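The residues making up each chain are set out below.
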Amino acid sequence: MRKAKLLTAALSLIALQSFAQEPTFMDAATHPGAGQIYARLMTFHSEMENAGTGNKSEETSSTLKLAYGMHSSLALLMDVNALKRKEDGDEDTGFSLVTLRLKQRVLQRDLGPLNTWRASVIAGADIPGTRDELAPEHVSPRVGAATTAILGRHGLNAQIEWTSKKGEPDLYAINASHLFRIQPAEFAADTAGAWYTMLEILNDVDSDGASRSDIAAGLLYEARRWAAEASVRLPVADHDWPVETDYTVALGLRKLF
Amino acid sequence: MGRFVILVLILLSAAGCSSLNNSSGPAVDDEPLTAYRTVILVVHGLSCPLCASSIENGLRKVDEIESSSIDLKTGEVTVNLKEEHSVTRARLAKAVADSGFTLREIRTAGVAE
């Protein structure tokens, strides 16, 4: 427990010393340059209810997301997730999961100084963490694709991903988002940073027919060497989903090395 | 799992065979730029402030570059080169492509003394 807390704190510090037009909760077709590392530290807090038992629970998790540019169009992605869960007075903390994926850009159309349209395929797996209570029991392969278009002040993202879970229904994520640059309206030679609004529509469907749809709204500030984000995710629709999430608050820091 | 491996192989094959990228931009010759101390790279796809940082990081790997500055509005990257440098157009083009952007043009500006 103590080791996990220390490691979480250390990971936070790394990120504090430590990309963009990426929304908070979904993937985008962005890549770090060859030999560059893009780090992102996210903290999530959720309150939820188990639809089966009716038990209320609270989860606070920190995820360190690292992307390394192996080539200008190929990136290695690693997410490390530490989780603290409170349910019925019981509290548990541990590393729930490590995700390793490769992201290959398959389309790049740079249409002007700012405008671009890109697409990537992403494949990898979720690897169980150290705590059985919090971690999935098996390696779960994941395959998906994401596309990103930046047109003036507007950024559009779409993502689809399939996750195979042993002993559980397969999971399909179908997500879309819109980012809007609110300030500055036009970039200038001396632009040091920009403010964006983020709106995400997040959908999960499993192979048994259960589904849920959420909406997330947030704010992103992007400077030339770092970015900060805050977003709130709320449920919109639910059909037989095992967990009913009341809300999720996300805070994040991003840094390009 | 077998289904997954086959799907990954198909996706990565499609990626490898893809001819949809235009990030290399127009062909750039290997002409040395020794007569110039300042060149302007016209780059497309610099969609955000952090993208500017990415291209700066890429240019930093070219030893002959003294400094660089970026105008996000025009996509112009002004590159100041060191004295007696031996940098070529192709080297600058590779630095831009490695950063994930499209080089449209290299304009020469300041002549070396």
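Computed from a prediction, not measured in an experiment: that's the story for all the values here.

Peer 1: Looking at this model, I keep getting lost on the state of the cysteines. Mind explaining?
Peer 2: The bond known as a disulfide is covalent and runs between the sulfur atoms of two cysteines. Residues and elements named next belong to chain B. For the coordinates displayed, the defined rule picks out 1 disulfide over all chains. In this model, C48 is linked to C51 through a disulfide, with the two sulfur atoms separated by 2.5 Å. Across the disulfide from C48 to C51, rotation about the S-S bond amounts to roughly 80°, and the bridge is consequently right-handed. For C48, a relative accessible area of 1% corresponds to the buried category.

Peer 1: Please explain helix α2 (residues 49–60) of chain B as it appears in this structure.
Peer 2: Since the α-helix packs 3.6 residues into each turn, any two residues three or four apart lie on the same face. Residue and element names in this part refer to chain B. The first and last C-alpha atoms of α2 sit 17 Å apart over 12 residues, in line with the 16 Å expected at 1.5 Å per residue. The buried fraction of α2 is high, at 11 of 12 residues. All of the buried residues along α2 are P49, L50, C51, A52, S53, S54, I55, E56, N57, G58 and L59.

Peer 1: What should I look at first to understand the pattern of salt bridges in this one?
Peer 2: Between side chains of opposite charge, pairing is possible as soon as their charged atoms come close. Residues and elements named next belong to chain A. For the structure shown, the criterion picks out 20 salt bridges over all chains. Note that E59 is salt-bridged to R85, the shortest N-O span being 2.9 Å. On the criterion of sequence distance, the pair formed by E59 in strand β2 (residues 56–71) and R85 in strand β3 (residues 74–87) is long-range, its members being 26 residues apart. Residue classification places E59 among the buried residues on the basis of a relative accessible area of 17%. On the basis of relative accessible area, R85 is assigned to the partly exposed category, the value being 24%. Across the salt bridge formed by D110 and R118, the nearest N and O atoms sit 3.0 Å from each other. For R118, a relative accessible area of 8% puts it in the buried group.

Peer 1: I tried to follow the interface of chain B and chain A on my own but got confused; where do I start?
Peer 2: Interface size is commonly expressed as the accessible area that is lost once the parts come together. Taken together, the contacts link 43 residues of chain B with 45 residues of chain A. Both faces considered, chain B and chain A share a buried interface measuring about 3600 Å² in area, 56% of it formed by carbon and sulfur atoms. Counting the contacts that link chain B with chain A gives 1 salt bridge. Remark: the boundary between chain B and chain A carries 18 residue pairs in polar contact (both at pLDDT 80 or more). Secondary structure elements with two or more residues in the side of chain B that touches chain A: α1 (2–17), β1 (38–44), α2, β2 (65–71), α3 (89–98) and β4 (102–108) of chain B. Ranked by the residues each element gives to the side of chain B that touches chain A, the list is headed by α2 of chain B, at 10 residues.

Analysis parameters
Residues numbered from 1 in each chain as written. Chains lettered and ligands numbered in written order. Predicted model: local features only at pLDDT ≥ 70, side-chain atom pairs only at ≥ 80, totals over all residues. Heavy atoms only, no water. Disulfide = S-S within 2.5 Å. Buried < 20%, exposed > 50% of the residue type's maximum accessible area, 1.4 Å probe, protein only. Helix = DSSP H or I, 4+ residues; strand = E, 2+ residues; numbered from the N terminus. Expected span 1.5 Å × (residues − 1). Salt bridge = Lys/Arg side-chain N within 4 Å of Asp/Glu carboxyl O. Contact = heavy atoms within 4.5 Å. Buried area = accessible area lost by both parts, 1.4 Å probe. Polar contact = N/O pair within 3.5 Å; in protein donor to acceptor, adjacent residues only side chain to side chain.

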